[in-house]
Each structure stands twice: as structure tokens, then as C-alpha cells.
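Observations on the model geometry
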Amino acid sequence: MSDLISLKGIWGFGYHGVFDHEAKNGQDFFVDLEIQIDLSRASISDDLTDTIDYGALADVVVEEITGERVQLIERLAGRIADRIKGGHPEILKISVTVHKPKAPISAQASDISVTISR
């Protein structure tokens, strides 16, 4: 199956991280979703019920970013993937990339990200 729904750069402000200052000050997180799903019915019917509501997907992502704190972005990505896949059994595969561009590392980096696939 080569059909794909893709959402890029979903933004939320969260308090995730290992260090105390991350829990106190928070930071920006960005999430990308890639969802493999059969879109043949939706491509013919032009009906939202034959696909997945992109707005609802984005809402789940923002809820997870702004919700309960986790230490690792690996955990955040896994929670998002599991929650979306669990609510949509028609999904064949989901990949969730969590970007933490201001991760506290000693080197200069434009982005730090983790991708989880289910």
C-alpha cells in the first residue's frame, strides 16, 4: 500500500525532558506524522468518513505534547503513535517524529528528533 497521510510540524509547548529546568521552563516541540492507510474509498467517495480527520489527528498530538510530562521524546513519540493507531485500526503503519530543537546538548544542532513506527 502506497497511500499516505502526512502532517508536518504540529506545534505544542510542553515540559518534557530529563532535567529540572525542562520541567520548569518548558519548550517547543514539533511532531510529524506519516500514516499509511488505504485511501482508495476516500479518493472515489470524497467523504470524510472514508479517511481520517486530519484535525483530529493534530488535536491528539497537541494533547500529548501539552499533557502529562515524560522524560524522553522516545516515550512521547510512542504515546502519540499508540494512541492514534489504537483509535484507528484501519491504519496500516504510523510513523511519529518528535522534534526537540532546543534539546539541552553541548554541541550546536539545528534539531534533535526521534522517529517511532508502529
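Note that this is a predicted model, so its numbers are computed, not measured.

Of note in this structure, Asp46 is not a glycine but carries a positive phi near 60°. With respect to the helices, strands and loops of the structure, Asp46 is situated in the loop between helix H2 (40-45) and helix H3 (54-66).

Turning our eyes to something else, we now look at the side chain of Lys100. Structurally, Lys100 can be placed in the loop between strand E3 (93-99) and strand E4 (113-117). There is a polar contact of 2.6 Å between the side chain of Lys100 and the side chain of Glu22. The residues contacting Lys100, other than those within four sequence positions of it, are His16, Gly17, Glu22, Gln27, Phe29, Ile73, Asp111 and Ile112.

What follows deals with the pairing of strand E2 (residues 27-36). Where strand E1 (residues 4-14) lies against E2, nine bridges are found, and the strand directions are antiparallel. Counterpart to Leu7 in the pairing with E2 is Leu33. The sheet contact formed by E2 and E3 spans seven bridges and is antiparallel. Bridged to Gln36 within E3 is Lys93.

So, on to the packing of aromatic side chains. Taken as a whole and assessed by the stated rule, the structure comprises one aromatic pair. Between the aromatic rings of Phe13 and Tyr15, the centroid separation amounts to 5.5 Å while the plane-to-plane angle is 80°, which identifies the pairing as edge-to-face. For Phe13, a relative accessible area of 32% corresponds to the partly exposed category.

One pass over the structure, following the stated rule, counts eight salt bridges. Glu64 serves as the salt-bridge partner of Arg83, at 3.1 Å between the closest nitrogen and oxygen. Pair noted here: Arg83 is in helix H4 (residues 73-87) and Glu64 is in helix H3, with a separation of 19 residues, a long-range link. Arg83 sits in the partly exposed class, given a relative accessible area of 36%. Salt bridges sharing common partners tie together Glu63, Glu64, Glu68, Arg79 and Arg83.

Before going further, it helps to examine the sheet that holds E1. Strand order in this open sheet of four strands is E1-E2-E3-E4, and the pairing throughout is antiparallel. Whereas interior strands pair on both sides, the edge strands pair on one side only; in this sheet they are E1 and E4. Between one strand axis and the next, the sheet turns through 15° on average, direction left out of account. Contacts from H3 reach E1 and E2 within the one sheet, and its direction differs from that of E1 by about 30°. Packed onto the sheet, H4 meets E2, E3 and E4 and runs at close to 145° relative to E3.

Cut-offs used in this document
Sequence order as written defines the numbering, with residues in each chain counted from 1. Predicted model: local features are reported for residues with pLDDT of at least 70 only, side-chain atom pairs are reported and counted for 80 or more only, and whole-chain, interface and lining totals are derived from all residues. Side-chain metrics in this entry use all non-hydrogen atoms of the structure; hydrogen atoms and water are not considered. Elements are defined by DSSP. Helices are runs of H or I of four residues or more, strands are runs of E of two residues or more, and each kind is numbered from the N terminus. For the purposes of these results, a polar contact is taken to be a pair of N or O atoms within 3.5 Å, where, inside protein, one atom must be able to donate a hydrogen and its partner to accept one; residues adjacent in sequence count only when each atom of the pair is a side-chain atom. Any two residues whose heavy atoms approach within 4.5 Å are treated as being in contact. Strand pairing follows a simple DSSP-based rule, namely that at least 2 bridges must link the two strands. Classification of ring pairs uses Phe, Tyr and Trp, with its six-membered ring standing for Trp, and accepts pairs whose centres are within 6.5 Å; under 30 degrees between planes counts as stacked, over 60 as edge-to-face, and the remaining range as tilted. Partly exposed describes any residue whose relative accessible area lies between the buried limit of under 20% and the exposed limit of over 50%, with all areas from a 1.4 Å probe on protein chains only and scaled to the type maximum. Basic side-chain nitrogens of Lys or Arg form a salt bridge, by our definition, when they fall within 4 Å of a carboxyl oxygen of Asp or Glu. Convention adopted: a line fitted to C-alpha atoms gives each axis, helices being fitted over their contacting stretch, and angles between N-to-C directions are expressed from 0 to 180 degrees.

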